[in-house]
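Each chain, letter by letter, is given below.
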Amino acid sequence: MPYWVYVLRSEASGRLYIGQTDNLERRIAEHQRGKQTATRNRGPWQLLVQISCESRVEAVNLERKLKSMKRPDRILRYLQKRI
(Lines give C-alpha, C1' and ligand atoms only; values in the text may rest on other atoms or scores of the structure.)
Protein backbone atom coordinates (compact mmCIF):
# COMPACT_ATOMS: atom_id res chain seq x y z
CA MET A 1 0.00 0.00 0.00
CA PRO A 2 1.54 3.34 -0.97
CA TYR A 3 1.76 6.19 1.47
CA TRP A 4 1.86 9.83 0.49
CA VAL A 5 3.63 12.89 1.79
CA TYR A 6 1.83 16.02 0.66
CA VAL A 7 2.23 19.76 0.88
CA LEU A 8 -0.79 22.06 0.85
CA ARG A 9 -0.82 25.84 0.50
CA SER A 10 -3.56 28.01 1.94
CA GLU A 11 -5.07 30.15 -0.80
CA ALA A 12 -6.08 32.67 1.88
CA SER A 13 -2.73 33.15 3.65
CA GLY A 14 -0.10 31.34 1.57
CA ARG A 15 0.81 29.21 4.58
CA LEU A 16 2.07 25.66 3.98
CA TYR A 17 0.84 22.46 5.61
CA ILE A 18 2.80 19.20 5.39
CA GLY A 19 1.27 15.81 6.11
CA GLN A 20 1.33 12.11 5.28
CA THR A 21 -1.44 9.62 4.66
CA ASP A 22 -2.36 6.34 3.01
CA ASN A 23 -5.45 7.87 1.33
CA LEU A 24 -4.58 11.18 -0.27
CA GLU A 25 -8.02 12.03 -1.71
CA ARG A 26 -9.81 11.45 1.60
CA ARG A 27 -7.22 13.41 3.56
CA ILE A 28 -7.33 16.46 1.29
CA ALA A 29 -11.13 16.42 1.39
CA GLU A 30 -10.93 16.43 5.20
CA HIS A 31 -8.67 19.49 5.10
CA GLN A 32 -11.03 21.28 2.70
CA ARG A 33 -14.06 20.55 4.91
CA GLY A 34 -12.30 21.81 8.05
CA LYS A 35 -12.18 18.40 9.73
CA GLN A 36 -8.55 18.86 10.80
CA THR A 37 -7.76 21.21 13.66
CA ALA A 38 -4.43 22.36 12.22
CA THR A 39 -5.99 23.51 8.94
CA ARG A 40 -9.47 24.54 10.07
CA ASN A 41 -10.48 28.08 9.10
CA ARG A 42 -7.33 28.57 7.02
CA GLY A 43 -8.44 27.21 3.64
CA PRO A 44 -9.24 26.69 0.93
CA TRP A 45 -6.16 24.54 0.35
CA GLN A 46 -4.26 23.87 -2.85
CA LEU A 47 -2.23 20.68 -3.29
CA LEU A 48 1.32 21.70 -4.26
CA VAL A 49 3.22 18.44 -4.03
CA GLN A 50 2.45 14.78 -3.52
CA ILE A 51 5.26 12.25 -3.09
CA SER A 52 4.65 8.51 -3.11
CA CYS A 53 6.50 6.48 -0.46
CA GLU A 54 6.81 2.70 -0.25
CA SER A 55 6.13 2.49 3.50
CA ARG A 56 4.67 4.50 6.33
CA VAL A 57 8.11 4.71 7.94
CA GLU A 58 9.51 6.34 4.80
CA ALA A 59 6.57 8.77 4.66
CA VAL A 60 6.88 9.75 8.34
CA ASN A 61 10.63 10.29 7.99
CA LEU A 62 10.18 12.54 4.94
CA GLU A 63 7.38 14.46 6.67
CA ARG A 64 9.62 15.06 9.69
CA LYS A 65 12.50 16.18 7.47
CA LEU A 66 10.28 18.70 5.67
CA LYS A 67 8.76 20.02 8.90
CA SER A 68 12.23 20.45 10.42
CA MET A 69 13.15 22.87 7.61
CA LYS A 70 10.66 25.40 9.03
CA ARG A 71 10.90 28.02 6.26
CA PRO A 72 8.59 27.58 3.24
CA ASP A 73 11.26 28.64 0.75
CA ARG A 74 13.67 25.94 2.01
CA ILE A 75 10.93 23.31 1.88
CA LEU A 76 9.95 24.19 -1.68
CA ARG A 77 13.59 24.29 -2.88
CA TYR A 78 14.20 20.85 -1.39
CA LEU A 79 11.07 19.47 -3.05
CA GLN A 80 12.03 20.94 -6.45
CA LYS A 81 15.33 19.05 -6.28
CA ARG A 82 13.60 15.82 -5.25
CA ILE A 83 10.89 15.82 -7.93
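Residues numbered from 1 in each chain as written. Predicted model: local features only at pLDDT ≥ 70, side-chain atom pairs only at ≥ 80, totals over all residues. Heavy atoms only, no water.

Colleague: Sorry if this is basic, but what is going on with the pattern of salt bridges here?
Modeller: Opposite charge on two side chains permits them to pair, given that their charged atoms come into close proximity. Tallied over the full model, the rule gives six salt bridges. With a closest N to O distance of 2.9 Å, D73 and R71 form a salt bridge. Here R71 falls in the partly exposed class, since its relative accessible area comes to 46%. The network of salt bridges with common partners includes D22, R26, R27 and E30. (Salt bridge = Lys/Arg side-chain N within 4 Å of Asp/Glu carboxyl O. Buried < 20%, exposed > 50% of the residue type's maximum accessible area, 1.4 Å probe, protein only.)

Colleague: What's the story with the sheet that holds strand 2 (residues 16-21) in this structure? I'm lost.
Modeller: The pairing of strands in a sheet comes from backbone hydrogen bonds and takes either a parallel or an antiparallel form. Judged by pairing direction, the sheet is antiparallel, and its three strands sit side by side in the order 2-1-3 without closing on themselves. Single-partner strands in this sheet number two, and they are strand 2 and strand 3 (45-53). Averaged over all neighbouring strand pairs, the angle between strand axes comes to 20 degrees, with direction disregarded. Relative to strand 2, strand 1 (residues 3-10) is paired through six bridges, and the arrangement is antiparallel. Within strand 2, the residue paired with R9 across the bridge is L16. Relative to the sheet, helix 2 (residues 56-68) contacts strand 1, strand 2 and strand 3, its axis offset from that of strand 2 by approximately 165 degrees. (Pairing = 2+ DSSP bridges. Helix = DSSP H or I, 4+ residues; strand = E, 2+ residues; numbered from the N terminus. Axes fitted to C-alpha atoms, helices over the stretch in contact; angles between N-to-C directions. Contact = heavy atoms within 4.5 Å.)

Colleague: Can you help me understand helix 2 in this one?
Modeller: Because each turn of an α-helix spans 3.6 residues, side chains separated by three or four positions in sequence point in the same direction. A rise of 1.5 Å per residue sets the reference length of helix 2, with its 13 residues, at 18 Å; its end C-alpha atoms lie 18 Å apart and thus fit the reference within 8%. Every buried residue belonging to helix 2 is among A59, V60, L62, E63 and L66, and all of these are buried. Seen along its axis, helix 2 keeps its buried residues to an arc of 165 degrees; they face one direction. The outward face of helix 2, more than 90 degrees from its buried face, is lined by the exposed residues V57 and R64. The elements touched by buried residues of helix 2 are strand 1, strand 2, strand 3 and helix 3 (72-82). A positive phi of about 65 degrees marks K70, the residue just after helix 2. (Expected span 1.5 Å × (residues − 1). Arc of directions from axis to C-beta.)

Colleague: Would you mind going over unusual backbone geometry with me for this structure?
Modeller: Phi is mostly negative for residues that are not glycine, and the peptide bonds are mostly trans. In the segment running from G43 into P44, the intervening peptide bond is cis, with an omega of 5 degrees. Relative to the helices and strands, P44 is located in the loop between helix 1 (24-33) and strand 3. Residue N41 is not a glycine yet carries a positive backbone phi of 65 degrees. Structurally, the position occupied by N41 is in the loop between helix 1 and strand 3. Note on N41: relative accessible area 77%, which makes it exposed. With a phi angle near 65 degrees, K70 is a residue other than glycine that sits in the positive phi range.

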